Amino acid sequence: MLRSLYSGISGLRAHQTMLDVSGNNVANVNTVGFKSSAVQFQDTLSQLTAGGSAGANGNGGTNPAQVGLGVQVAGVTTNFAQGASQSTGKATDMMISGDGFFVTTRNGQEQYTRNGAFSLDGNGRLTANDGSLVQGWAAVNGQIPAGGAIGGITLSGATLSPAKATTTSTIGGNLPSDAAIGTELVREIEVFDAAGTASTLSLAFTRTGAGWAVAGETAAGATGTGALAFTAGKQAAPGTTINVGGIAVDLSTVTGFSGETTVASTGQNGFAAGVLESFTVSPDGTLVGSFSNGTTANVARVALASFTNPAGLEKAGGNTYLASPNSGNPAVGSGGTNGGTG
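Residues numbered from 1 in each chain as written. Predicted model: local features only at pLDDT ≥ 70, side-chain atom pairs only at ≥ 80, totals over all residues. Heavy atoms only, no water.

So, on to the packing of aromatic side chains. Counted according to the given criterion, the structure contains 6 aromatic pairs. Each ring, one from Phe102 and one from Phe118, has its centre 5.0 Å from the other, and the planes form 80 degrees; the classification is edge-to-face. Here Phe118 lies in the loop between strand 6 (109-113) and strand 7 (119-120) and Phe102 lies in strand 5 (residues 101-106), a separation of 16 residues in the sequence. With a centroid separation of 4.9 Å and an interplanar angle of 85 degrees, the aromatic rings of Tyr112 and Phe307 are classed as edge-to-face. With a gap of 195 residues between them, Tyr112 in strand 6 and Phe307 in the loop between strand 25 (304-306) and strand 26 (314-317) connect regions that are remote in the sequence. Phe307 carries the same exposure label as Tyr112, and that label is buried. (Phe/Tyr/Trp six-rings, centres within 6.5 Å; stacked < 30°, edge-to-face > 60°. Helix = DSSP H or I, 4+ residues; strand = E, 2+ residues; numbered from the N terminus. Buried < 20%, exposed > 50% of the residue type's maximum accessible area, 1.4 Å probe, protein only.)

This is the structure we're talking about:
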């Protein structure tokens, strides 16, 4: 067969590969996290029919005569350029801004993906669409451990915010200076022990000739006393605090003007245990949970992996990739670090 036919056939085969790649790109135009590919061509070996020669003895030199034998596919490269963002309104959906890959595991095999369309399974585990488990670090007492092995992320009603015992309480408002001597005002404050059990701290304010006497008592019977004196409505000795059963009750903002009775509790630092109700995602991939007791705390952080040569990753289907000898080992970290810039 003529060499021209061989060359033409090689061109048809190479361009068939290009059409296959282009068709796959078009087919995945709406695939979340898909990265398009491009074909690179190179010429095949050329047959030398006459070698080149240098000029000599008044004769000019000659160029080599070569006949090309066609074209072949040099490689198919993946374009990992940043794609367009899309708002979904779904709390579990995430995207990576910049380089990096989400890390997932399926049947014990670690995979990497740019597809952040995640959801929760029946056990509250954060999963990709194919059921693989999204990897990261679980918080310990609201703190994300520095480094350490990554694992699955669980976000369920079983995720608790621990209780905190009340150690401080604040009282604000006004005690009327024109109240009759012997007038008693009682205010009750809900406080918590270390187990999250609620009880009542009772404060009794009694008008005296010198100002107001304050007596506190907890439900367990612990007591504490103090006194407030006022000059022109301001405390004569600012910074008054009484201790009742290990709870420091701050009375420093209470005033003593006439005509108004507004003294009341303005806050305390204890709370019962709470269950996870919702969460938000921070720019570094930290999942911040909102709990039923009104507190917020870090729950987990999604891990990102980066590679020296992302184009060397092997496609494993389902928008996932596997590390290869030419991709380099993954550097795993948080968003904004060496592990990724999400």
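Attention shifts here to the sheet that holds strand 20 (residues 247-250). Across the sheet, 4 strands lie side by side as 19-20-12-21; this open sheet has mixed pairing. Every interior strand has two partners, whereas the edge strands, strand 19 (241-244) and strand 21 (264-268), have only one. Geometrically, the sheet is characterised by an average inter-axis angle of 25 degrees between neighbouring strands, direction not taken into account. Here strand 19 pairs with strand 20 via 4 bridges, running antiparallel. Across the sheet, Asn243 pairs through a bridge with Ala248, a residue of strand 20. (Pairing = 2+ DSSP bridges. Axes fitted to C-alpha atoms, helices over the stretch in contact; angles between N-to-C directions.)

So, about the pattern of salt bridges. According to the stated counting rule, one finds 2 salt bridges in the structure shown. Put simply, Arg125 and Asp121 hold a salt bridge, and the shortest N to O gap is 2.8 Å. Judged by relative accessible area, which is 34%, Arg125 ranks as partly exposed. The class for Asp121 is partly exposed, based on a relative accessible area of 24%. The residue Arg301 makes a salt bridge to Asp284 at a minimum N-O spacing of 3.5 Å. Within this pair, whereas Arg301 is found in strand 24 (residues 296-302), its partner Asp284 is found in the loop between strand 22 (274-281) and strand 23 (286-291), the two being separated by 17 residues in sequence. By relative accessible area, which is 18% here, Arg301 ends up buried. Judged by relative accessible area, which is 27%, Asp284 ranks as partly exposed. (Salt bridge = Lys/Arg side-chain N within 4 Å of Asp/Glu carboxyl O.)

Let us look at the sheet that holds strand 15 (residues 212-217). With antiparallel pairing, 4 strands are arranged side by side in an open sheet as 13-14-15-16. The sheet terminates laterally at strand 13 (184-192) and strand 16 (223-228), the two strands that pair on one side only. Averaged over all adjacent pairs, the angle separating strand axes in this sheet is 20 degrees, with direction ignored. Note: strand 15 against strand 16, 6 bridges, orientation antiparallel. Bridge pairing links Glu217 to Thr223 in strand 16.

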